[in-house]
Amino acid sequence: MTRTILVTGGAGYIGSHTTLVLLQAGFQVVVLDSLCNASAESLKRVAQLAGREPVFVQGDIRDRALLDQLLAHHPVQAVMHFAGLKAVGESVAQPLRYYENNVGGTINLCQAMAAAGVFTLVFSSSATVYGDPATVPITEDQPVGQTTNPYGRSKFMVEQVLGDLAVADARWRVALLRYFNPVGAHESGLMGEDPNGIPNNLLPYITQVAVGKLPELAVFGNDYPTPDGTGVRDYIHVLDLAEGHLCALKALQTRTGAHVWNLGTGQGYSVLEMVRAFEAASGRPVPYRISPRRSGDIANCYADPTKARKELGWGAQRGLPDMMRDAWRWQSMNPNGYSGGRN
Ligand code: NAD
Ligand code: WQD
């Protein structure tokens, strides 16, 4: 029997790559996205690559009537929930908007799911819930909650809500996937990350410097307690991440309750290592300047992915050169993202 998955936020960066992987694996996919931070063009590219289209419903996860209608019309068996706001700085300025979308929206979604008899949920959490970890690599049982901004707190709160829900009602099967730093793009160059305005994240910033849209990279601090003084993160290829969602969905078939899995590679790279790896993959120089630390940043953050390997049978397959090559192919083929068409 073909299974139908509701993908909230499926037009966005990670959701669109996961929608593609789901379609390629034979699932029916219904995407619900308000397009507040995405373009419907991403789904056209998904259809082009998959050879068939997901159903697309433009709407908001906070709209209960719409959710009820959607769940009544489509035989949804599980939900992958990517929809949410993700800009850390914006969350500090607009906390209510973040809590309403990320926490309120998720509660609304779960209420609609329960009413429709759908109890399987894969949630996009984040390594940000670990705050500044006492030790690295980070295992799932390390303390969470010491988050430094409303975005991070919204992810922590949703984890708590979903954990409580799974305790209260044994029908729920919930995966809390703590992503490390998703980067890269589909290897075709047709799909990738399309940030609004000036990117906050490192790799989109680097690719926009390389393509000439931005003059230079500001490296936020070189006096951290790391090998070269710049921040160390666990960058993971977006397709490895997408595949992790399918493995989590499969694992939930034999598990009730809420389960946490880190999705990272287990390998940390510094900002300067990222710059050098990008230059090697693209052949383009990336001018940079050492700048003051960015408020709220931490020195080291990388995963221990052992639990996902053991329980999901999943591990990242793509290395740093793949991430760099694919990010660059996407950026150079689509200098203006989805809005500019292909040049
Ligand atoms: P994204 O902004 O590209 O995708 C999110 C999508 O959700 C967008 O298409 C947006 O239009 C949609 N959306 C937002 N609010 C909505 C609402 N109320 N109703 C319907 N649609 C809505 O972001 P992404 O990078 O693909 O992230 C996906 C998820 O993963 C988010 O929940 C994010 O917090 C989480 N996450 C992302 C990262 C990262 O670095 N990209 C890291 C950890 C966790
Ligand atoms: C990576 C490294 C920076 C930009 C953020 C969120 C987190 C998560 C992923 C969703 C750091 C340095 C960056 C630049 C730089 N999102 N840097 N110059 O901060 O690890 O995580 O995105 O859950 O919640 O906080 O990712 O890509 O912003 O930074 O030097 O212009 O690159 O200081 O060391 P981060 P990032």
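A brief structural summary. Everything quoted here is computed from the prediction, not taken from an experiment.

Looking at where E243 falls in the secondary structure, it is placed in helix 8 (residues 238-252). Look at E243 and you get partly exposed, because its relative accessible area is 28%. Remark: the alpha-carbon pair of E243 and T148, spanning 95 residues in sequence, is separated by 29 Å. If sequence neighbours within four positions are ignored, E243 has contacts with V21, W314 and R318. In terms of polar contacts, E243 uses its side chain to reach the side chain of R318, at 3.1 Å.

This part is about the side chain of D240. You can see D240 is positioned in helix 8. Among the polar contacts made by the side chain of D240, one reaches the side chain of R318 at a distance of 2.7 Å. Residues within four places of D240 in sequence aside, it is in contact with W314, G315, A316, Q317 and R318.

On to the sheet that holds strand 14 (residues 300-301). Spatially, three strands are ordered 12-9-14 in an open sheet, and the strand pairing comes out mixed. At either margin of the open sheet sits one strand with a lone partner, and together these are strand 12 (269-270) and strand 14. Sheet topology places strand 9 (residues 232-233) next to strand 12; two bridges connect them, and they run antiparallel. Bridging from a neighbouring strand, V232 pairs with S270 of strand 12.

Another aspect to go through is the sheet that holds strand 11 (residues 257-263). For sheets, the rule is that strands pair by backbone hydrogen bonds, running either parallel or antiparallel. On the basis of which strands lie adjacent, the open sheet formed by seven strands has the order 3-2-1-4-5-6-11 and parallel pairing. With partners counted over all chains shown, the strands left at the sheet margins are strand 3 (55-58) and strand 11, one partner each. Neighbouring strand axes in the sheet, compared pairwise and without regard to direction, differ in orientation by 20° on average. Alignment of strand 1 (residues 4-8) against strand 4 (residues 76-81), held across five bridges, turns out to be parallel. Across the sheet, the residue bridging to L6 is V79, located in strand 4. Strands in contact with helix 3 (residues 64-73) are strand 1, strand 2 (28-33), strand 3 and strand 4; relative to strand 2, the strand with the most contacts, it is inclined by about 170°. In the packing of helix 8 onto the sheet, contacts are made with strand 1, strand 4, strand 5 (120-126), strand 6 (173-179) and strand 11, and the angle to strand 6 comes to roughly 155°.

Parameters at a glance
- Position numbers for residues count from 1 along each chain, tracking the sequence in the order it is written.
- Both sets of labels track the order of writing: A upward for chains, 1 upward for ligands.
- Owing to the predicted nature of the model, reporting of local features is limited to residues with pLDDT of at least 70; listing and counting of side-chain atom pairs is limited to 80 or more, with chain, interface and lining totals taken over all residues.
- Hydrogens and waters are ignored; side-chain quantities use all the structure's heavy atoms.
- Strands are runs of DSSP state E lasting at least 2 residues, helices are runs of H or I lasting at least 4, and numbering of each runs from the N terminus.
- Exposed residues in this analysis have more than 50% of their type's maximum accessible area, buried residues have under 20%, and partly exposed residues fall in between, with area computed by a 1.4 Å probe over protein chains only.
- Contacts are assigned to residue pairs with any non-hydrogen atoms lying within 4.5 Å of each other.
- Between N or O atoms, a polar contact is any pair within 3.5 Å; within protein, one atom must be a potential hydrogen donor and the other a potential acceptor, and residues adjacent in sequence are included only when both atoms are from side chains.
- Two strands qualify as a pair provided that DSSP identifies no fewer than 2 bridges between them.
- To define axes, lines are fitted to C-alpha atoms, for helices over the stretch in contact only, and angles between the resulting N-to-C directions are given on a 0 to 180 degree scale.

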